[in-house]
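Observations on chain architecture
Each chain is listed here by its residues.
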Amino acid sequence: MDHSKTFEFPNICNEHTVIADILEKDVDASYIISDHQWNYFKKRSFLKKIGGFGKYNVYSGKEANTCTLLASYKAHCSRILIEMSEGNPRRLTERECARLQGFPDSFIINRVSGYQAYKQFGNSVCVPVIKAIANQIKETFFTEDLR
């Protein structure tokens with residue numbers, strides 16, 4: 001390891017993706033939030049404006065970013081909701097959460113419950129960012145091949 005070099009964080013390239021790029025085409029109706037839940041989210045958001053807590057974000061799919069995916073997404077999906085052409089918005093599917101964090105579609109998530117999958121992706125770090133940082137560390141400090 002070469003200790004005379006200084007590490008600089010890499011400039012992560014934005015590939016100009018939008019949320020719609022990670023969304024599945026045919027999503028089961030069970031992902032659409034109920035009228036009761038939707039009314040609750042709207043009420044919580046109003047309370048936030050007057051000093052309370054809670055906020056929901058509804059995305060059309062054209063946006064390049066979302067707010068942070070939380071480990072509690074399954075229970076409190078209100079932070080990231082997807083606009084539907086009609087009716088209430090929906091929550092992200094487990095696969096969409098994986099894509100949001102940069103996991104490839106080949107990553108297997110069906111061996112755990114939906115609740116566990118949401119929790120794991122919410123606790124995860126964004127794979128492309130970690131890969132870029134690891135590559136920068138390798139290029140900066142290691143001159144020999146580590147394979």
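On a predicted model such as this, the values are computed, not experimentally measured, just so you know.

Topic: the overall build of the protein
Within the protein one finds four helices and three strands. Of the regular secondary structure in the protein, the N- to C-terminal order runs α-β-β-β-α-α-α. Expressed as a percentage of its 147 residues, the buried residues of the protein come to 29%. In the protein, of all internal contacts separated by at least 6 residues, the share reaching a separation of at least 24 is 61%. A total of about 10,000 Å² of accessible surface is found on the protein, and carbon and sulfur atoms cover 52% of it.

Details of the confidence of the model for the protein
With 84% of its residues at a pLDDT of 70 or more, the protein shows a mean pLDDT of 84. Mean pLDDT across the elements of the protein bottoms out in helix H1 (residues 35-49) (77) and peaks in helix H2 (residues 94-100) (95).

Some points on the sheet that holds strand S1 (residues 58-59)
Across the sheet, three strands lie side by side as S1-S2-S3; this open sheet has mixed pairing. Strand pairing shows two members of the sheet lacking a second neighbour, S1 and strand S3 (90-91), which therefore form its edges. As paired elements, S1 and strand S2 (residues 81-82) share two bridges and run parallel to each other. The residue bridging Val-58 from the neighbouring strand is Leu-81, located in S2.

Digging into the packing of aromatic side chains
For the coordinates displayed, the defined rule picks out seven aromatic pairs. Ring geometry for Tyr-40 against Phe-41: centres 6.1 Å apart, planes inclined by 50°, an arrangement best described as tilted. Residue Tyr-40 is classed as partly exposed on the basis of its relative accessible area of 41%. An aromatic cluster is defined as three or more aromatic residues linked by ring pairs; in this entry it consists of Phe-7, Phe-9 and Phe-141.

Rules used in this analysis
Residues numbered from 1 in each chain as written. Predicted model: local features only at pLDDT ≥ 70, side-chain atom pairs only at ≥ 80, totals over all residues. Heavy atoms only, no water. Helix = DSSP H or I, 4+ residues; strand = E, 2+ residues; numbered from the N terminus. Buried < 20%, exposed > 50% of the residue type's maximum accessible area, 1.4 Å probe, protein only. Contact = heavy atoms within 4.5 Å. Areas by Shrake-Rupley, 256 points an atom, 1.4 Å probe, with all protein chains shown as cover. pLDDT = per-residue confidence, 0-100. Pairing = 2+ DSSP bridges. Phe/Tyr/Trp six-rings, centres within 6.5 Å; stacked < 30°, edge-to-face > 60°.

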